[in-house]
Amino acid sequence: LAAPTPSSLLNNLRAGVQSVRVIHGLLLNTPGDPHRGVESNVEAFVLRPRIQSESPITVSELQTDASGQFRTVTLKLSPLVGATQRIVLLLNERNGGKAFTFVANPLSADTDTVSFRIATVAAGTYLVRVQVDGAESLLDVDTNPESSTFNQFTGTPSLTIP
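Keep in mind the model is a prediction, meaning the values are calculated, not measured.

A. Geometry of the nonpolar core. Counting 24 residues, the largest nonpolar core has Leu 75, Ile 87, Leu 89, Phe 116 and Ile 118 as the members making the most contacts within it. Where this core is concerned, the elements lending two or more residues are β7 (68–81), β8 (87–93), β9 (99–103), β10 (111–118), β11 (124–132) and β13 (158–161). Apart from residues no more than four positions distant in its own chain, Ile 118 is found in contact with Val 59, Phe 70, Arg 71, Val 73, Leu 89, Phe 102 and Ile 161.

B. Focus on the pairing of β11. Across the nine residues of β11, seven count as buried, placing the element largely inside the fold. Relative to β11, β8 runs antiparallel, the two sharing seven bridges. By the bridge assignment for β11, Glu 93 is matched with Tyr 126. Sheet topology places β11 next to strand β12 (residues 135–136); two bridges connect them, and they run antiparallel. In the strand pairing of β12, Gln 131 is matched with Glu 136. Connecting β11 to the antiparallel partner β12 that follows it, the hairpin turn spans two residues, and Asp 133 within it adopts a positive phi of roughly 45°.

C. Layout of the side chain of Arg 129. Relative to the helices and strands, Arg 129 is located in strand β11. Within the structure, the side chain of Arg 129 is placed 2.7 Å from the side chain of Asn 92, a separation counted as a polar contact. At 2.6 Å, the side chain of Arg 129 and the side chain of Glu 136 are in polar contact.

D. Highlighting the environment of Gln 18. When you line up the elements, Gln 18 lands in strand β1 (residues 16–20). Spatially, the C-alpha atom of Gln 18 lies 37 Å from that of Ser 67, the residues being 49 residues apart in sequence. Ignoring anything within four residues of it in the chain, the contact list for Gln 18 reads Leu 13, Glu 43, Ala 44, Phe 45 and Leu 47. At a separation of 2.5 Å, a polar atom in the side chain of Gln 18 contacts the main-chain carbonyl oxygen of Arg 14.

How each quantity is defined
Residues numbered from 1 in each chain as written. Predicted model: local features only at pLDDT ≥ 70, side-chain atom pairs only at ≥ 80, totals over all residues. Heavy atoms only, no water. Core = buried A, V, L, I, M, F, W, Y, C linked by side-chain atoms within 4.5 Å. Buried < 20%, exposed > 50% of the residue type's maximum accessible area, 1.4 Å probe, protein only. Helix = DSSP H or I, 4+ residues; strand = E, 2+ residues; numbered from the N terminus. Contact = heavy atoms within 4.5 Å. Pairing = 2+ DSSP bridges. Polar contact = N/O pair within 3.5 Å; in protein donor to acceptor, adjacent residues only side chain to side chain.

Written out as structure tokens, the structure reads:
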């Protein structure tokens, strides 16, 4: 059995709940003829999305349409997100006050760039996470054991609303 190349497999992965199975093929005879070998059970794992945008993340100027006032937040994500996946922006006020969620604008194709229309968010600095089909991105944590803030959130990624 010919195994797919690692890069082609990675390009097919999307954030969210995924499954994996280990298959050990056998080559019998001379020259080796591929045969089914031993297979593991299917196991599930969660592939978390990662926000690739620089922090602080930029937000558009205030805009107005028939629905009212809004801003647009655009994020670059890894891995790609599928056009049919549910993508949610999670904002938490830096001081622990308010929290907001916004569903992504509809996608026409698989992409690494997603936009969100946000409204009714007061000026301030917010911690940013994204959720793709239930899998949440993580906030950055200080991993330097010599730091006074070791194992604490660094405050990134973040978004400042003017």
